[in-house]
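Tertiary structure, described
The lines below spell out each chain.
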Amino acid sequence: MIFDTDNTAAAPAVAGRFPNSLLALPFVSRHAARVLLLLILGVSVAAAGVFCARPAGAAEYRFHQPAPMGVLHVTRPTITWKVWPTDNALRVTRVALSVNGVRQIGVTYSETERAVVYVCDRPLTPGDYRVSCQIQFARTQPTTPKEWNFTVASDAVASLPAPTEEQHNALAHANNYRRMLGLPDFVMDARLCAAAGAHSDYMSRNEQQIGHAQQAGRVGFVASHSWERMAAFGYAGGSYENVEYGSPTRSDALQGLFDAPYHRIPFMQPGTPVFGAGFAGKATTVLFGTTEDEATICSPRDGQSDVPLLWDGNETPNPLRIHGAEGRGPVGYPITLVHFSPAKTSLRVSSATLVATQTGKAIVCWVNTPENDHFLKYAVVLIPQSPLQPRTAYQVIVRAQTEAGADVSRAWRFTTGSATAAAPWLEAAAAAPKL
């Protein structure tokens with residue numbers, strides 16, 4: 001079985017930094033011999049971070065690469081350019097966008113998304129297109145026009161098929177985890193479903209190519225990177241991609257993704273992210289949109305009951321690697337705190353502890369923070385060194401601040417479930433060497 005997650009998210013940053021690169025992780029599940037899960041955070045159309053510009057007489061502004069680029073498989077794409085002033089007091093007062101030299105009507109600037117957005121009002125014929133976009137902030141000169149190209153494929157469709165029953169079932173499973181965390185449901189997105197289905201089809205046809213990347217010339221090729229594939233089906237925005245191969249069931253695939261601490265992060269987003277899933281043979285691809293909402297989310301959440309006792313410890317790169325404990329599972333069920341914000345600022349963690357509430361006994365945990373784990377930026381992970389006890393209350397205390405000094409510390413409690421489901425793993429843990 002293979003899990004693979006690729007995520008790229010739009011977020012502000014200084015020029016030359018890549019603040020949105022969160023994870024690039026293969027993940028191994030206990031359900032099968034081989035599993036790969038890869039996760040990367042960033043804009044679905046701009047993997048190269050944020051750029052700055054200040055033409056003569058104009059305000060300084062920041063921007064991501066525009067979208068779409070490359071070959072499109074839909075004839076009515078959303079054309080977008082994420083761009084915003086460094087001075088928050090400034091507002092966009094004018095936008096102009098042309099396609100092949102023709103000025104388009106209905107172009108808007110979304111303050112929420114901080115982006116120029118235009119949904120093509122009529123289907124585009126197959127062929128090559130050049131976009132030019134210019135914005136103006138209050139009391140400043142217009143920006144230098146931003147120009148880029150895309151191609152509408154000969155087999156591009158005017159509308160995407162409605163999600164299938166299997167895709168709706170995957171959404172239901174994913175929303176079970178959302179509700180468990182007290183979060184709003186994901187929203188199904190046909191564009192993400194189409195992109196996910198196309199990538200699963202590619203992996204099913206090219207079993208030696210399991211993961212995020214596609215290779216040009218291979219059967220089923222759409223685009224090399226996840227954000228390019230999503231743009232090819234009309235989606236422009238922040239995204240995560242999870243890929244799984246070989247799980248016995250789709251629900252097993254989602255369970256494995258959620259249990260793995262790095263790859264739980266997309267499930268934990270605040271707001272109402274869009275969602276898509278696609279399947280082919282043994283391959284599963286799950287796509288998550290990202291939001292601009294700010295919140296500190298904990299998993300397990302405060303007051304949650306029936307929390308699993310353990311995790312098999314199989315994730316690659318393995319979060320236990322920095323503690324010299326890779327491959328020593330099963331371990332206790334991972335605990336995660338994530339501070340989501342539009343700025344995607346890094347966390348500074350001063351302490352993270354787990355205590356058995358009734359006895360007051362401190363539980364020995366491995367702790368991963370942005371300081372010791374370069375795959376984390378705004379998250380904290382506690383992994384108990386031994387499986388948790390059944391039907392037991394625990395308290396977690398994390399002391400942390402953002403780079404800007406905002407206190408995001410949390411103290412919360414949860415209760416574990418029965419040992420019945422974990423019995424085989426508990427038996428293995430008892431026989432395993434102790435660290």
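First, a word on scope: everything that follows refers to the structure included in this document.

Rules behind the numbers
- Residues numbered from 1 in each chain as written.
- Predicted model: local features only at pLDDT ≥ 70, side-chain atom pairs only at ≥ 80, totals over all residues.
- Heavy atoms only, no water.
- Helix = DSSP H or I, 4+ residues; strand = E, 2+ residues; numbered from the N terminus.
- Contact = heavy atoms within 4.5 Å.
- Areas by Shrake-Rupley, 256 points an atom, 1.4 Å probe, with all protein chains shown as cover.
- Axes fitted to C-alpha atoms, helices over the stretch in contact; angles between N-to-C directions.
- Left-handed = near helix turned anticlockwise from the far one by under 90°.
- Nonpolar A, V, L, I, M, F, W, Y, C, P; charged D, E, K, R; others polar.
- Buried < 20%, exposed > 50% of the residue type's maximum accessible area, 1.4 Å probe, protein only.
- Salt bridge = Lys/Arg side-chain N within 4 Å of Asp/Glu carboxyl O.
- Pairing = 2+ DSSP bridges.

Before going further, it helps to spend a moment on the overall build of the chain. Broken down by element type, the chain carries six helices and 26 strands. Across the chain, contacts joining residues at least 24 apart in sequence account for 71% of those joining residues at least 6 apart. Total accessible area on the chain stands at roughly 17,400 Å², and carbon and sulfur atoms take up 50% of it.

This part covers the packing of helix α1 (residues 165-180) against helix α4 (residues 250-259). Two quantities define a packed helix pair, namely the angle between the axes and the distance from one axis to the other. In contact at an axis separation of 10 Å, α1 and α4 are set at 35 degrees when each is read in the N-to-C sense. For the crossing formed where α1 meets α4, the hand is right-handed. Contacts between α1 and α4 involve E166, A170, H173, A174, Y177 and M180 on the former and, on the latter, R250, S251, L254, Q255 and F258. For the contact of α1 with α4, the class distribution of residues is six nonpolar, three polar and two charged.

Along the chain, T402 turns up in strand β25 (residues 393-402). Residue classification places T402 among the buried positions, given a relative accessible area of 5%. Residue contacts for T402: discarding those within four places in its chain leaves H339, T345, S346, L347, R348 and V408.

So, about the pattern of salt bridges. Enumeration according to the criterion identifies nine salt bridges in this entry. R130 is the salt-bridge partner of E147, the closest N and O atoms lying 2.9 Å from each other. Of this pair, E147 sits in strand β12 (residues 146-157) while R130 is found in strand β11 (residues 127-137), placing the two residues 17 residues apart along the sequence.

Glancing now at the sheet that holds strand β23 (residues 365-368). Overall, antiparallel pairing links the four strands, which are arranged β17-β21-β24-β23 in an open sheet. At either end of the open sheet lies a strand with only one pairing partner, and these are β17 (295-299) and β23. The average undirected angle you get between the axes of adjacent strands in this sheet is 10 degrees. Bridge count between β23 and strand β24 (residues 379-384): four bridges; the pairing is antiparallel. Looking at β24, one finds that W366 is bridged to I383.

Examined against the element boundaries, A325 turns out to sit in the loop between β19 (310-311) and β20 (331-332). The exposure class assigned to A325 is buried, which follows from its relative accessible area of 1%.

With that settled, consider the environment of M188. Along the chain, the position of M188 falls in strand β13 (residues 187-188). We classify M188 as buried; its relative accessible area is 18%. Spatially, the C-alpha atoms of M188 and A170 are 10.0 Å apart, while their sequence positions differ by 18 residues. The residues touching M188, leaving out its near neighbours within four places in the chain, are P163, Q167, H168, L171, C193 and F275.

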